[in-house]
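In case you want the letters, here they are:
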Amino acid sequence: MNERKRPAGVVPWAVAAGTLAWGLAGSWRAEHMRNYPWNVWTPIGYGAAKGVVLGLLAGWCAVWFLRLGKPSTQPGGSRARMAGLAFTGGLLAAIAPGTIRDFTGPPQPRTLYYFDEPRPDADWYWQPLLSEWLTYTVLPALGCALALTAAVLLAARSSRRDALGWAVLAVVGVGLLLLPHYATAGLPQAEGNGDHVNESATAAMAVWGTGLVVLIGSLVLRRRMRRAASTA
């Protein structure tokens, strides 16, 4: 099976790229919202967890585009076409969920101050909506697609591209398990039994759960690789 039909190692790198891209977007959000200090890390955690899902979608879509794309007959055009297909598929899959949510659902501002009341629709659409869409949907999706494209091009030249996939997922999983500890370092302890404690605890559980799923996925991928190697 040729490389165009079997773009190995794409999805794990897409998961890593999505986790990093939306984790950075969450970090930017945390730095620009006036919130209770013990909950200011939650956009980082939720962003990284969401990035796993969106990165997975981007990777699958990139693989689908690569499998459907036709090889180029122009000299040097094969790699350019591969990059274009991977970028297009990854970007479309990464940008679509957030775009649909922002433009078809009710106003969902993510940069309001903690105590602000919900905005009326007239104050949300146009400039605020476009600003949040560009900052928290388009830019992370673009970064994910670019990183995914670079990974596809490198994987096409690497003789160990299959062996790297499970290791990439394992690193992402461990990073997610450690994220709540390091993201909350230096923040005051949540007090009381109300929403403030619950928000931090819920975010931590979401991140840990996502990390465990990614780790399990890395182990499953490693086992499948060993079985394939033993039967080759």
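Note that this is a predicted model, so its numbers are computed, not measured. (Residues numbered from 1 in each chain as written. Predicted model: local features only at pLDDT ≥ 70, side-chain atom pairs only at ≥ 80, totals over all residues. Heavy atoms only, no water.)

Trainee: I'd love a proper account of a nonpolar patch on the surface, names of residues and values included.
Mentor: A grouping of Val53, Leu57 and Trp60 is seen on the molecular surface, where their side chains present a nonpolar patch of about 300 Å² in accessible area. Looking at the element boundaries, valine 53 is found in helix H2 (residues 42-68). (Patch = residues over 30% accessible without salt bridge, like charges linked within 9 Å, V, L, I, M, F, W, Y side chains within 5 Å. Areas by Shrake-Rupley, 256 points an atom, 1.4 Å probe, with all protein chains shown as cover. Salt bridge = Lys/Arg side-chain N within 4 Å of Asp/Glu carboxyl O. Helix = DSSP H or I, 4+ residues; strand = E, 2+ residues; numbered from the N terminus.)

Trainee: Before we move on, can you summarise the packing of helix H1 (residues 10-31) against helix H5 (residues 127-157) with the specific residues and values?
Mentor: Interaxial distance between H1 and H5 falls to 8 Å at its minimum, and their mutual angle equals 150°. For the element pair H1 / H5, the angle class is roughly antiparallel. By crossing handedness, the relation of H1 to H5 is classed as right-handed. Here Val10, Trp13, Ala14, Ala17, Gly18, Ala21, Trp22, Ala25, Trp28 and Arg29 of H1 lie close against H5, whose contacting residues are Thr135, Tyr136, Thr137, Pro140, Ala141, Cys144, Ala147, Leu148, Ala151 and Val152. (Axes fitted to C-alpha atoms, helices over the stretch in contact; angles between N-to-C directions. Parallel < 35°, antiparallel > 145°, perpendicular 65-115°, else oblique. Left-handed = near helix turned anticlockwise from the far one by under 90°. Contact = heavy atoms within 4.5 Å.)

Trainee: Explain the environment of glycine 9 to me, and be specific about the residues and the numbers.
Mentor: Along the chain, the position of glycine 9 falls in the segment before H1. What makes glycine 9 buried here is its relative accessible area of 16%. In this structure, the C-alpha to C-alpha distance between glycine 9 and alanine 155, residues 146 residues apart in sequence, is 6.6 Å. (Buried < 20%, exposed > 50% of the residue type's maximum accessible area, 1.4 Å probe, protein only.)

Trainee: How would you summarise the packing of H1 against H2 if you had to cite specific residues and measurements?
Mentor: Contact pair H1 / H2: the axes reach a minimum separation of 6 Å and the direction vectors enclose 145°. Between H1 and H2 lies a crossing of right-handed hand.

Trainee: So what's going on with the nonpolar core? Residues and values would help.
Mentor: In terms of nonpolar packing, the biggest core is built from 41 residues, with Trp22, Leu148, Val152 and Leu176 touching the most fellow members. Elements supplying a minimum of two residues to this core: H1, H2, helix H3 (77-104), H5, helix H6 (161-183) and helix H7 (195-231). Broken down by element, the residue count for this core peaks at ten residues, all from H2. Among all residues touching leucine 148, those that are not within four sequence positions of it are Val10, Ala14, Ala58, Gly59, Ala62, Ala86 and Gly90. (Core = buried A, V, L, I, M, F, W, Y, C linked by side-chain atoms within 4.5 Å.)

Trainee: Describe the pattern of salt bridges, with residues and values.
Mentor: Inspection of the entire model under this criterion finds one salt bridge. Between arginine 101 and aspartate 102 there is a salt bridge whose closest N-O contact spans 3.4 Å. Residue arginine 101 is classed as partly exposed on the basis of its relative accessible area, which comes to 26%. Here aspartate 102 falls in the buried class, since its relative accessible area comes to 3%.

Trainee: Give a detailed account of the packing of aromatic side chains, specifying residues and quantitative values.
Mentor: One pass over the structure, following the stated rule, counts two aromatic pairs. Arranged with centres 5.6 Å apart and planes meeting at 65°, the rings of tryptophan 64 and phenylalanine 65 form a pair that is edge-to-face. Here phenylalanine 103 and tryptophan 133 contribute two aromatic rings whose centre-to-centre distance is 5.4 Å and whose plane-to-plane angle is 85°, an arrangement assigned as edge-to-face. With a gap of 30 residues between them, phenylalanine 103 in helix H3 and tryptophan 133 in helix H5 connect regions that are remote in the sequence. It is arginine 29 that lies over the ring of tyrosine 136; its NZ or CZ is 4.5 Å from the centre. Sitting over the ring of tryptophan 166, arginine 222 keeps its end group 4.5 Å from the ring centre. (Phe/Tyr/Trp six-rings, centres within 6.5 Å; stacked < 30°, edge-to-face > 60°. Lys NZ or Arg CZ within 6 Å of the ring centre and 35° of its normal.)

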